[in-house]
Amino acid sequence: MDIKIRDVRVGDSEELYNIRQMPKVMENTLATKGEPKEFLKKRIENMGDNNYWIVAEVEDKVVGLISLMVNENPRKNHVGYIAIMVNSDFHGKGVGSALMAKIIDMADNELKLKRLELSVFKENERALNLYKKFGFQVEGTVRMSALRNGVYSDEYSMGRISEEV
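Residues numbered from 1 in each chain as written. Predicted model: local features only at pLDDT ≥ 70, side-chain atom pairs only at ≥ 80, totals over all residues. Heavy atoms only, no water.

Visitor: Help me understand the pattern of salt bridges, please; the structure alone is not making it clear to me.
Guide: Where charged atoms from two side chains of opposite charge approach closely, those side chains can pair. Inspection of the entire model under this criterion finds 10 salt bridges. For Lys37, the salt bridge is made with Glu14, and the minimal N-O distance between the two is 3.8 Å. Taken as a pair, Lys37 in the loop between helix H1 (13-20) and helix H2 (38-45) and Glu14 in helix H1 lie far apart in primary sequence, 23 residues in all. Residue classification places Lys37 among the partly exposed residues on the basis of a relative accessible area of 46%. Among the charged side chains, a network of salt bridges with common partners joins Lys4, Arg6, Asp12 and Glu57. (Salt bridge = Lys/Arg side-chain N within 4 Å of Asp/Glu carboxyl O. Helix = DSSP H or I, 4+ residues; strand = E, 2+ residues; numbered from the N terminus. Buried < 20%, exposed > 50% of the residue type's maximum accessible area, 1.4 Å probe, protein only.)

Structure below.
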């Protein structure tokens, strides 16, 4: 399977919306049922200089997104926060790894970030394994962090320090 990685385009917003609404995706993100379709389009259109969104395509279809937000505070501008989602039909097929490899390369080599952070629901074993593969470590547990399938769920806070990888 050929996975193409590229910068996000405004025209990707509908496919990205559909991914966010998929079972096995929605419950592992902070997406909500029935959120406005315009939500992602507006976010892409209004992206600031410290936001980087990259998509994965397979056969000209967007199948995943990873975003990196660099902290704007001068005392924390060495830190970036990552969020990722992959079309559930493409879980376990290398899309998440391709997206993570690209964003980490950008963070380390272009942006020269020292620390990357992300959050993941404790129950999301597939994502936990992906993040650990790329050098992220669990740094703490945020109890009852968000509703997941109608139940309050804990999240792990994970971090990756570039010198330690």
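Right, picking up where we left off after that structure.
Visitor: Honestly, helix H3 (residues 95-110) in this entry has me stumped. Any pointers?
Guide: The periodicity of an α-helix, 3.6 residues per turn, causes residues three or four positions apart to be oriented the same way. Here H3 contains 16 residues, and its C-alpha end-to-end distance of 22 Å stays within 8% of the 22 Å for a straight helix at 1.5 Å per residue. Note on H3: the residue one or two positions beyond its end, Lys112, has a positive phi of about 55 degrees. (Expected span 1.5 Å × (residues − 1).)

Visitor: Even after reading the chapter, I still don't get the packing of aromatic side chains, so can you show me in this structure?
Guide: Note on aromatic pairs: each is described by the distance of the centres and the angle between the planes. A full pass over the atoms with the stated rule returns one aromatic pair. Above the plane of the ring of Phe90 lies Lys93, whose end atom (NZ or CZ) is 5.6 Å from the centre. (Phe/Tyr/Trp six-rings, centres within 6.5 Å; stacked < 30°, edge-to-face > 60°. Lys NZ or Arg CZ within 6 Å of the ring centre and 35° of its normal.)

Visitor: Can you walk me through the sheet that holds strand S7 (residues 151-161) in this structure?
Guide: Within a beta sheet, neighbouring strands are joined by backbone hydrogen bonds and run either parallel or antiparallel to one another. Read from one edge to the other, the open sheet built from seven strands follows the order S1-S2-S3-S4-S5-S7-S6, with strand pairing classed as mixed. Of all the strands in the sheet, just strand S1 (4-7) and strand S6 (137-148) have a single pairing partner and so form its edges. Recorded for the sheet is a direction-independent mean angle of 25 degrees between the axes of neighbouring strands. As judged from the seven bridges shared by strand S5 (residues 115-121) and S7, these two strands associate in the antiparallel manner. Its bridge partner being in S7, Glu117 is matched across the sheet by Gly159. (Pairing = 2+ DSSP bridges. Axes fitted to C-alpha atoms, helices over the stretch in contact; angles between N-to-C directions.)

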